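So you can see what is in the structure, the chains are spelled out below.
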Amino acid sequence: MKTGGWFSARNLAWSTLKRPIVFTEEEVNDPSLQAKRIDARLEELRALEDLLKDYEGPEGTEWRYVKGRRLLAETTDMEKLNSIELLDLAGYLDRKRPEWPETHLLAGLIAEKQQNRIRAIREYNYAIQYGNKDIDTYERLVNLLYQQGLLSDAPVALDRLGNRAYESRSLSAISLQMASENPDDQLLAAQEGTRIRPK
């Protein structure tokens, strides 16, 4: 494996996965233009997946993760969500890298899309436990806890994130809601949220 090239390809794949698609006003008003932008992003991911596969070989895990994320983004119906290809990718990662945060992030995303909220919560918790620090993962986890009426479990996740929780509007709002029982905590949460995210 050529380490330098692999590292660059990996960084590019990760930044592509995390970078939101920001539609122009024209694209917002024209679904066909939106579809073209989305297709272009998926092609970009496919090219990075192929590049990572060239570096890692057929037994690689990084390209499998990128492929799993791409397939998940392309999936619009439940039948494809349960496709052998997608589930095999997730299973392979679970066998080869059970303590890799991305293994559990992919499993959580699949479970969430399948509407299996309890499994998604478990997988997101594992992803965080194994080192995932993305605010998006915390938002997904806390939102699912809220939907399941398990908001009392949210402080554990928010404590792991620390003050970064206030960078997110939704996490900041949930922190305020949880602090509502104690006015001093609520005031502190509101002040911290305003300090970190003034707008």
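Residues numbered from 1 in each chain as written. Predicted model: local features only at pLDDT ≥ 70, side-chain atom pairs only at ≥ 80, totals over all residues. Heavy atoms only, no water.

A positive phi angle is found at Gln 115, which is not glycine, with a value near 70°. Structurally, the position occupied by Gln 115 is in the loop between α7 (101-113) and α8 (117-129). (Helix = DSSP H or I, 4+ residues; strand = E, 2+ residues; numbered from the N terminus.)

Turning our attention to the packing of helix α4 (residues 62-74) against helix α6 (residues 84-96). It is at 10 Å that the axes of α4 and α6 come closest, and there the two elements cross at 145°. As for how α4 packs across α6, the hand of that crossing is left-handed. Residues Arg 64, Tyr 65, Lys 67, Gly 68, Leu 71 and Leu 72 of α4 pack against Glu 85, Leu 86, Leu 89, Tyr 92 and Leu 93 of α6. Class assignment of the residues belonging to the contact of α4 with α6 gives a composition of 7 nonpolar, 1 polar and 3 charged. (Axes fitted to C-alpha atoms, helices over the stretch in contact; angles between N-to-C directions. Left-handed = near helix turned anticlockwise from the far one by under 90°. Contact = heavy atoms within 4.5 Å. Nonpolar A, V, L, I, M, F, W, Y, C, P; charged D, E, K, R; others polar.)

Right, let's get into α7. For α7, which comprises 13 residues, the first-to-last C-alpha distance of 18 Å matches the rise-based estimate of 18 Å (1.5 Å per residue) to within 8%. For α7, every residue scored as buried is listed here: Pro 101, Glu 102, Thr 103, His 104, Leu 105, Leu 106, Ala 107, Gly 108, Leu 109, Ile 110 and Ala 111. Of the residues trailing α7, Gln 115 is marked for its positive phi of about 70°. (Expected span 1.5 Å × (residues − 1). Buried < 20%, exposed > 50% of the residue type's maximum accessible area, 1.4 Å probe, protein only.)

The contact between α6 and α7 brings their axes to 9 Å, and the two run at 150°. Viewed along their axes, α6 and α7 adopt a mutual orientation that is roughly antiparallel. In this structure, the crossing between α6 and α7 has a hand that is left-handed. Between α6, through Leu 86, Leu 87, Ala 90, Leu 93 and Asp 94, and α7, the contact on the second element is made entirely by Thr 103, His 104, Leu 106 and Ile 110. For the contact of α6 with α7, a count of residues per class yields 6 nonpolar, 2 polar and 1 charged. (Parallel < 35°, antiparallel > 145°, perpendicular 65-115°, else oblique.)

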